[in-house]
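Close look at the chain arrangement
So you can see what is in the structure, the chains are spelled out below.
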Amino acid sequence: MAAYLLRRLVQAALILVGVSFVTFFLLYVLPADPVRQIAGRAATAETVENIRQQLGLDQPFIVQYARYMGALFQGDMGRSYLQKTEVSELIWSRLPATLLLMAGAIFCELVLGLTMGILAALWRGRTLDQTLMVTSFVTVSAPQFVVSLLLLYVFAVKLGWFPIGGYGTFAHLVLPAVTLGILGSGWYSRMMRSSMIDVLRADYIRTARAKGLARGRIVLRHALPNAILPVIAMIGIDIGIFMGGIVVVESVFGWPGIGQLAWQAIQRVDIPIIMGVTLVSACAIVLGNLLADLVAPFIDPRIRLR
């Protein structure tokens, strides 16, 4: 176990270094000039050059990258060019909202997706199965802003059940979480259906049926724990996606998460914030997948960490 964790942590460190290098390089060759954003359109060439020197943006790429990584290893993610605030503080201030939305969205995804997938597998080839799979295709294909605005119009404007936007109460969380749950449930339902069909064909399921066990017990006690294993890996990926922020949904509902912070930074070419959000998202994906691998053996004891 210790050797496995050590090896995975080393692999995670190498992945994060690679992500930081690629992201920093892309921002370096980006045509947009962050110094112009800071100095403003009316700034003179001398002023622009002074700001560039102060920020160290006149140095070669490898020098800038080495300086950034050296500070990062000391826990310094840099300061925002425009907000003049530590990037770590900006991300930390948005983190509670992001984690709350992530938890609510994943919960909605699992409830909707797993239920649809199990029902489709149990009634495979029938009208219910076809209806659920068409529904999952529609949810996967639907644009985020369309679903967001539709739910907002029906449940906030027309019915008045939920606030139009904002953050702070459970009522504010419901609509953005359900929106993301609907959009992501299609992937989970298709994965769950395929996995459940394979499990229901297994010998031990036929044995359980021959013993006269109730159908509900067979599905929940014997089939579900094995069929859900592929879904766990998807949850690990979703953690990273939501940690990176869902820009459209956050913008529609006025949710103050990391996605809004990243979008504002991209518009202003605020490189330290872009790097910080990217690395936090990459860390979340790596840790989410590692957590999924560690949880899997507890669900199915036949799986061993090697």
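Note that the structure is a prediction, hence the values are computed from the model and not measured. (Residues numbered from 1 in each chain as written. Predicted model: local features only at pLDDT ≥ 70, side-chain atom pairs only at ≥ 80, totals over all residues. Heavy atoms only, no water.)

Glancing now at the pattern of salt bridges. Think of it this way: side chains of opposite charge can pair up when their charged atoms draw near. Scanning the model with the defined rule gives two salt bridges in all. A salt bridge links arginine 79 to glutamate 86; the shortest N-O distance between them is 3.5 Å. For glutamate 86, a relative accessible area of 24% corresponds to the partly exposed category. Across the pair aspartate 129 and arginine 193 runs a salt bridge whose closest N-O atoms are separated by 2.8 Å. Of the two residues, aspartate 129 is situated in helix H6 (residues 127-141) and arginine 193 in helix H8 (residues 170-200); the sequence distance between them amounts to 64 residues. (Salt bridge = Lys/Arg side-chain N within 4 Å of Asp/Glu carboxyl O. Buried < 20%, exposed > 50% of the residue type's maximum accessible area, 1.4 Å probe, protein only. Helix = DSSP H or I, 4+ residues; strand = E, 2+ residues; numbered from the N terminus.)

Here the focus is the nonpolar core. The biggest cluster of nonpolar side chains holds 26 residues, and the ones touching the most others in it are Phe24, Tyr68, Ile91, Leu261, Ile273, Met275 and Val277. Counting only elements with at least two residues in this core, the list comes to helix H1 (2-28), helix H3 (45-55), helix H4 (61-73), helix H5 (87-122), helix H13 (258-268) and helix H14 (271-299). For this core, the element with the most residues is H14, which contributes six residues. Residues within four places of phenylalanine 24 in sequence aside, it is in contact with Phe61, Gln64, Tyr65, Tyr68 and Met275. Of all hydrophobic cores here, the second largest spans 22 residues; its members include Ala97, Leu101, Leu175 and Leu183. (Core = buried A, V, L, I, M, F, W, Y, C linked by side-chain atoms within 4.5 Å. Contact = heavy atoms within 4.5 Å.)

Looking now at the packing of H5 against H8. Where H5 contacts H8, the axes come no closer than 5 Å and their chain directions differ by 35°. Note that H5 runs across H8; the crossing there is right-handed. Here the residues of the contact of H5 with H8 are counted per class, giving 23 nonpolar, seven polar and two charged. (Axes fitted to C-alpha atoms, helices over the stretch in contact; angles between N-to-C directions. Left-handed = near helix turned anticlockwise from the far one by under 90°. Nonpolar A, V, L, I, M, F, W, Y, C, P; charged D, E, K, R; others polar.)

Inspection of the entire model under this criterion finds 10 aromatic pairs. A ring pair is formed by phenylalanine 24 and phenylalanine 61, whose centres lie 5.9 Å apart and whose planes are at 50°; its orientation type is tilted. With phenylalanine 24 in helix H1 and phenylalanine 61 in helix H4, this pair connects stretches of sequence that are 37 residues apart. Comparing phenylalanine 24 with phenylalanine 61, the two get one shared label, buried. On the numbers, 5.6 Å between centres and 40° between planes, the contact of phenylalanine 24 with tyrosine 68 is tilted. One end of the pair, phenylalanine 24, is in helix H1; the other, tyrosine 68, is in helix H4, and 44 residues separate them in sequence. (Phe/Tyr/Trp six-rings, centres within 6.5 Å; stacked < 30°, edge-to-face > 60°.)

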